[in-house]
Amino acid sequence: MAMEVTQVLLNAQSIDGTVRKHAEESLKQFQEQNLPSFLLSLSGELANDDKPVDSRKLAGLILKNALDAKEQHRKFELVQRWLSLDANVKTQIKTCLLNTLTSTVADARSTSSQVIAKVAGIELPQKQWPELIVSLLSNVHQLPAHVKQATLETLGYLCEEVSPDVVEQDHVNKILTAVVQGMNASEMNNDVRLAATRALYNALSFAQANFSNDMERDYIMRVVCEATQYAELKIRQAAFECLVSISSTYYEKLAPYMQDIYSITAKAVREDEEPVALQAIEFWSSICDEEIDILEEYGSDFTGNSDIPCFYFIKQALPALVPLLLEILLKQEEDQDQEEGAWNIAMAGGTCLGLVARTVGDDIVPLVIPFIEENIAKPDWRQREAATYAFGSILEGPSPDKLLHIVNVALSFMLSALTKDPNNHVKDTTAWTLGRIFEFLHGSTIGTPIITQANCQQIITVLLQSMKDTPNVAEKACGALYFLAQGYEDVGPSSPLTPFFQEIVQSLLTVTHREDAGESRLRTAAYETLNEVVRSSTDETAPMVLQLVPVIMMELHKTLEGQKLSSDEREKQGELQGLLCGCLQVIIQKLGSSEPTKYVFMQYADQIMGLFLRVFACRSATVHEEAMLAIGALAYAAGLDFAKYMPDFYKYLEMGLQNFEEYQVCAVTVGVVGDICRALEEKILPYCDGIMTQLLKDLSSNQLHRSVKPPIFSCFGDIALAIGENFEKYLMYAMPMLQSAADLSAHTANVDDDMTEYTNSLRNGILEAYSGIFQGFKNSPKTQLLIPYAPHILQFLDSMYMEKDMDELVMKTAIGLLGDLADTLGSNAGSLIQQSLTSKDFLNECLSSKDHMIKESAEWARLAINKAISV
């Protein structure tokens, strides 16, 4: 059945576009016409040592893509497709793949390893291919080193693909034995040792039982620690990567080894090459993450009830760890601030220092202050920058009282450095540190303000001056101003920023027009800061915010003037439109929130809506999202007047709801439908058929990302609230959807944190839908249509109450729904609620809740229920 595919595979990699396209077409046709033959031909190509390496690699890659895909629904289809292939065909393919592991060509072996793991990922959970692990393990003892290396690589990929519960413990033990033996000093071949070390990294999640056994754990830890000392750089790096993984997976088993680990990590940080040193620092950052999580989860009470006690490894290591981290802050690179995504040992050290501060709080301050005092004014820029970085890194974690005195001393020094220091790095880090001071030590929650009438003017002058500096410094200065404004968000009628408002806005707009605003995210930072300044402004400056409207509209208008753009320019144009729409959204929300400013603002509404519609006509996904959000804000502000825009806007609304691929756009659009329902009320009726049809399609699609489904359910509630009893014709479609989603969500919690979080958001969406529908039908002669659905809803509430895993939001919505049920159905609901298993307990629990929102909903529900029962 196999065919000759070598030439086609080579042509598919040709530089000549026509040849390449033709070859790709042929491969596609072959696959569609005869899949078994196609896959056999590819596996034969991969296994044949006489074939060119390029055709073999591509054959393997196509095989791999025939088994797996990123999108869940596509992946599911490919898995089913493989499982339904003829057993003989699958056996032949698998034989070819295993044979390739003995090839002398490294690329072919490596490709084959990945494909074998993909097949195993499909078959092992189905209890198929039971002989795979046994045959791989027999290969490990074969003599040629390259076969051993390929087999260990395959075992590593296999552990990455399949979940631990699929492999029996006896096999796990044998895999770990083979891997650890391959890492051992007695293994002479470096390729084998590297493959083994990388395989261990993937196999660690399988080793729960082995890490619970002291002898086995000691042996694994010894081998890993020894591997950090080998001559080969890649092996040392891979061994430290194993230690990082162990630190999070087996945190509670680490105590006996911490002394040794400190020694080898400190030696690596001081003496080894950067890739290894970075992993050694990452080990300590990972321990911080674990301890921060534990301390957050359990508060400070470790009395008996906690399963995972905190071992306070960081606290114990402080006296040695902090000096080590301060030392590496001095290893900066010359141009690290100009490069986006730069990462080096000094940055890793600062990041780790920040995590240490969050882990131990006040204890870090006395260890770092002497370093800052000693270096902050030194002639060498490295010392000044390191001192500033150290200071900025420890501002989150310690209590404000512990820091305020030092910050007050440091503030004027920093402001002076930001304008006068000759070095760009020092200015960059200084502006970042000021931002951190304003983020963590300024705002309504801090007792003693660090920003006073005396220094406010100077702070703003310096920041606005710095916005003219190089892009990287200017971007950090925008960030500092952002947090400065944010701290004044709830200050009441008058803000200390009011006298400077005009100047700040003007400076930010000037930044957005800089020639180099595209570098270091500067333009984006300037608009984000402008938004924050508008958001935190008070009524005093409303006239100035109004003046901003035509300015931003003009900017948006300029991006729409039709010149032919290259794809790169179009992307930049799209980004700019997104920023401008985002800015208009914030302005609309601000001005729409009080009647007098709203009245004046609405004179611009027609023009703004016209601009948004033109942005949609440009049709680029990112723009869509921002423009859509801005229209939601406009609808909220315009209220019933928004109806006049619907005829032109509706087609874009429908496009947004159909956008499965960019599911965020779809989710945002669903939210905007809710805004429009609240604005238009019954006037949305003419558009409801189209909207409901699309929402029901979205729900039944297996292509749409699951995160969009909860907001769609909430949207049913918004529509029902808006159109009241007119929702009648949708009940027969919406209710069964809600019921089956409710049944599903009752049985999926407690799988893992992600699933529990998703289940709660799904339940909340379902409850909001029911609530909207019941409130919408209240006082209508058609309420009796809802009676048949009540028992199922009460069952749903019972099952959630009994599962005991509702979050606060779900509890509030659930108790609210119980009230709506009673309120709308009256005596028809009374008897049902009395018969329900848990309604009474649930109500009492909510009435005594510490959360005042839950309590409030519960008080209302109690009144409604008592009324329904007494009728």
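Quick note: structure is the one above.
In this text the structure is predicted, and so the values were computed from the model without any measurement.

Each value, and the rule that gives it
- Residues numbered from 1 in each chain as written.
- Predicted model: local features only at pLDDT ≥ 70, side-chain atom pairs only at ≥ 80, totals over all residues.
- Heavy atoms only, no water.
- Helix = DSSP H or I, 4+ residues; strand = E, 2+ residues; numbered from the N terminus.
- Rg over C-alpha atoms; globule rule 2.2 N^0.38 Å.
- Buried < 20%, exposed > 50% of the residue type's maximum accessible area, 1.4 Å probe, protein only.
- Contact = heavy atoms within 4.5 Å.
- Areas by Shrake-Rupley, 256 points an atom, 1.4 Å probe, with all protein chains shown as cover.
- Lys, Arg positive; Asp, Glu negative; His and termini not counted.
- Charge placed at Lys NZ, Arg CZ, Asp CG, Glu CD.
- Core = buried A, V, L, I, M, F, W, Y, C linked by side-chain atoms within 4.5 Å.
- Bend = angle between axes of the 7 residues up to and from the residue.
- Axes fitted to C-alpha atoms, helices over the stretch in contact; angles between N-to-C directions.
- Parallel < 35°, antiparallel > 145°, perpendicular 65-115°, else oblique.
- Left-handed = near helix turned anticlockwise from the far one by under 90°.
- Nonpolar A, V, L, I, M, F, W, Y, C, P; charged D, E, K, R; others polar.
- Phe/Tyr/Trp six-rings, centres within 6.5 Å; stacked < 30°, edge-to-face > 60°.
- Polar contact = N/O pair within 3.5 Å; in protein donor to acceptor, adjacent residues only side chain to side chain.
- Patch = residues over 30% accessible without salt bridge, like charges linked within 9 Å, V, L, I, M, F, W, Y side chains within 5 Å.
- Salt bridge = Lys/Arg side-chain N within 4 Å of Asp/Glu carboxyl O.
- Expected span 1.5 Å × (residues − 1).
- Disulfide = S-S within 2.5 Å.

Structural notes on the overall build of the chain
For the chain, the helix and strand inventory stands at 42 helices and zero strands. For 871 residues, the compact-globule estimate of 2.2 N^0.38 gives 29 Å, and the C-alpha radius of gyration of the chain, at 32 Å, lies within 12% of that figure. In terms of overall dimensions, the chain has C-alpha extents of about 85 × 75 × 70 Å along its principal axes. Taking all 871 residues of the chain together, 55% fall into the buried category. Sequence separation of 24 or more characterises 72% of the internal contacts of the chain that already satisfy a separation of 6 or more. Looking at the chain as shown, the accessible area adds up to about 39100 Å², and 52% of this sits on carbon and sulfur atoms. When the 69 positive and 116 negative side-chain charges of the chain are each reduced to one mean point, those points stand 3 Å apart.

Re the nonpolar core
As a rule of thumb, nonpolar side chains are buried together in soluble globular proteins. With 307 residues, the main nonpolar core has Val 356, Phe 642, Phe 649, Phe 716, Ile 719 and Phe 727 as its most contacted residues. If one sorts the elements of this core by residue count, helix 16 (residues 274–298) sits on top with 12 residues.

A look at helix 17 (residues 313–328)
Bending of helix 17 peaks at approximately 65 degrees at the position of Pro 319. Next to the buried residues of helix 17 lie helix 15 (258–271), helix 16, helix 18 (345–360), helix 19 (365–375) and helix 20 (381–393).

Description of the packing of helix 39 (residues 808–825) against helix 42 (residues 852–870)
Remark: helix 39 packs on helix 42, axes separated minimally by 8 Å, with the N-to-C direction vectors making an angle of 20 degrees. Here helix 39 lies roughly parallel to helix 42, going by the angle between them. Note on packing geometry: the crossing formed by helix 39 with helix 42 is left-handed. Note on element contacts: helix 42 touches helix 39 through Met 853, Ile 854, Ser 857, Ala 858, Trp 860, Ala 861, Ala 864, Ile 865 and Ala 868, opposite Glu 808, Met 811, Lys 812, Ile 815, Gly 816, Leu 818, Gly 819, Asp 820, Ala 822 and Asp 823. Partitioning the contact of helix 39 with helix 42 into residue classes produces 12 nonpolar, three polar and four charged.

Some points on the packing of aromatic side chains
A full pass over the atoms with the stated rule returns 17 aromatic pairs. With centroids separated by 3.9 Å and ring planes inclined at 5 degrees, the aromatic side chains of Phe 211 and Tyr 250 adopt a geometry described as stacked. Placement of Phe 211 in helix 12 (residues 208–211) and of Tyr 250 in the loop between helix 14 (233–249) and helix 15 is noted, with a sequence separation of 39 residues between them. A relative accessible area of 1% places Tyr 250 in the buried class. Ring geometry for Phe 311 versus Phe 313: centroids 5.4 Å apart, planes at 10 degrees, classification stacked. For Phe 311, a relative accessible area of 27% puts it in the partly exposed group. The class of Phe 313 is buried, set by a relative accessible area of 5%. Aromatic rings pair up to connect Phe 616, Phe 642, Tyr 645, Phe 649 and Tyr 652 into one cluster.

Focus: the side chain of Gln 577
Examined against the element boundaries, Gln 577 turns out to sit in helix 28 (residues 567–592). At 3.2 Å, the side chain of Gln 577 and the side chain of Thr 559 are in polar contact.

What about a negative patch on the surface?
A surface patch of negative charge is lined by Glu 282, Asp 289, Asp 293, Glu 296, Glu 297, Asp 752, Asp 753, Asp 754 and Glu 757. Contributing elements (two or more residues each) for the negative patch: helix 16 and helix 37 (753–776). For the negative patch, the element with the most residues is helix 16, which contributes five residues. On the secondary structure map, Asp 753 appears in helix 37.

Things to note about the side chain of Ser 247
Within the element layout of this structure, Ser 247 appears in helix 14. The exposure class of Ser 247 is buried, given its relative accessible area of 0%. Not counting chain neighbours up to four residues away, the residues in contact with Ser 247 comprise Leu 254, Phe 283, Ser 286, Ile 287 and Glu 290.

Concerning helix 18
For the α-helix, the turn length of 3.6 residues means that residues three or four positions removed from each other point alike. Taking 1.5 Å of rise per residue, the 16 residues of helix 18 would be expected to cover 22 Å, and the 22 Å separating its terminal C-alpha atoms lies within 8% of that figure. A large share of helix 18 lies buried, amounting to 14 of its 16 residues. Two to three positions downstream of the cap, the backbone nitrogen of Ala 346 sits 3.0 Å from a side-chain oxygen, assigning the N-cap of helix 18 to Asn 344. Looking at the residues trailing helix 18, positive phi occurs at Gly 361, about 65 degrees.

Re the pattern of salt bridges
Counted under the stated rule, the structure contains 36 salt bridges. The partner of Arg 56 in a salt bridge is Asp 49, and the shortest N-O contact between them spans 2.8 Å. Judged by relative accessible area, Asp 49 falls into the partly exposed class, the value being 41%. We note a salt bridge from Lys 57 to Asp 107, for which the minimum N-O separation is 3.8 Å.

Looking at unusual backbone geometry
Despite not being glycine, Tyr 312 has its phi angle at roughly 50 degrees, a positive value. The topology assignment puts Tyr 312 in the loop between helix 16 and helix 17.

Looking at the environment of Pro 309
For Pro 309, the location among the structural elements is in the loop between helix 16 and helix 17. What makes Pro 309 partly exposed here is its relative accessible area of 36%. In this structure the C-alpha to C-alpha distance between Pro 309 and Ile 294, which are 15 residues apart in sequence, comes to 7.7 Å.

As for the state of the cysteines
The final tally for this structure, using the stated rule, is zero disulfides. The thiol sulfur of Cys 478 is not disulfide-bonded, and the nearest other cysteine sulfur, from Cys 583, lies at 13 Å.

A short note on the environment of Gly 121
Relative to the helices and strands, Gly 121 is located in helix 7 (residues 106–123). A relative accessible area of 24% places Gly 121 in the partly exposed class. Sequence separation of Gly 121 and Val 162 is 41 residues, and the distance between their C-alpha atoms is 5.0 Å. Ignoring any residue separated from it by four or fewer positions in sequence, one finds Gly 121 in contact with Glu 161 and Val 162.

A look at the environment of Gly 578
Following the sequence through the fold, Gly 578 ends up in helix 28. For Gly 578, a relative accessible area of 11% gives the class buried. Put simply, Gly 578 and Ala 630 are 52 residues apart on the chain and 10.0 Å apart in space, counted from C-alpha to C-alpha.

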